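# Observations on chain architecture
Listed here are the chains, written in short residue letters.
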Amino acid sequence: MTDTAAAIADIFTRMPGRLDPQAAAGLDAVIQFNLSGDGGGVWHCAIKDGACTVGEGAHDAPTMTLSMAAADYVALTSGELDGTVAFMSGKLRIDGDMGLAMRMGSLFRVG
């Protein structure tokens, strides 16, 4: 397993514990992550009732799809890459609910 693949696995394993239940109150959404390159793959995160469940593979009807290189996603989640900068520079593509994309930073605690 590459360093990027290990980092990605760790991010998705820890994602449910990083969800801020107050920020997610009333939210019922599925976020799909299409990560390309070394360590990449497809995952989805379902947020409902202030809780988060993560699964590997595509979801039938995601509310929002986030697409980027796996290494850039690692940098994004660690705070090394700013989400707005990534989006504006074309490193991050969002399909679906843009409002949900804007909330991502407040939904998940860093660390």
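This write-up is about the structure you can find in this document. As the structure is a prediction and not an experimental result, all values here were calculated from the model.

## Concerning helix H1 (residues 3–18)
- When the terminal C-alpha atoms of H1 are compared, their 21 Å separation across 16 residues agrees well with the 22 Å that a helix rising 1.5 Å per residue should span.
- Along its length, H1 shows its largest kink, about 25°, at Phe-12, and proline Pro-16 lies within four residues downstream of that point.
- Looking only at H1, the buried set comprises Thr-4, Ala-5, Ile-8, Ile-11, Phe-12, Met-15 and Arg-18.
- Where the residues of H1 are buried, they touch strand E1 (28–36), strand E2 (41–48), strand E3 (51–56), helix H2 (70–78) and helix H4 (98–107).

## So, the side chain of Thr-4
- Inspection of the secondary structure puts Thr-4 in helix H1.
- Leave out the neighbours within four places in its chain, and Thr-4 touches Asp-38, Gly-39, Ala-70, Ala-71 and Val-74.

## Describing the packing of aromatic side chains
- Taken as a whole, this structure holds four aromatic pairs when the rule is applied.
- Plain terms: the ring middles of Phe-12 and Phe-33 are 5.1 Å apart, the flat faces sit at 70° to each other, and that makes the pair edge-to-face. Placement of the pair is Phe-12 in helix H1 and Phe-33 in strand E1, with a sequence separation of 21 residues.
- Taking the relative accessible area as the measure of exposure, Phe-33 reaches 0% and is therefore buried.
- Ring geometry for Phe-33 versus Tyr-73: centroids 5.5 Å apart, planes at 55°, classification tilted. With Phe-33 in strand E1 and Tyr-73 in helix H2, this residue pair connects regions lying 40 residues apart in the sequence.
- On the basis of relative accessible area, Tyr-73 is assigned to the buried category, the value being 3%.
- An aromatic cluster is defined as three or more aromatic residues linked by ring pairs; in this entry it consists of Phe-12, Phe-33, Trp-43 and Tyr-73.

Definitions and limits used
- Residues numbered from 1 in each chain as written.
- Predicted model: local features only at pLDDT ≥ 70, side-chain atom pairs only at ≥ 80, totals over all residues.
- Heavy atoms only, no water.
- Helix = DSSP H or I, 4+ residues; strand = E, 2+ residues; numbered from the N terminus.
- Expected span 1.5 Å × (residues − 1).
- Bend = angle between axes of the 7 residues up to and from the residue.
- Buried < 20%, exposed > 50% of the residue type's maximum accessible area, 1.4 Å probe, protein only.
- Contact = heavy atoms within 4.5 Å.
- Phe/Tyr/Trp six-rings, centres within 6.5 Å; stacked < 30°, edge-to-face > 60°.

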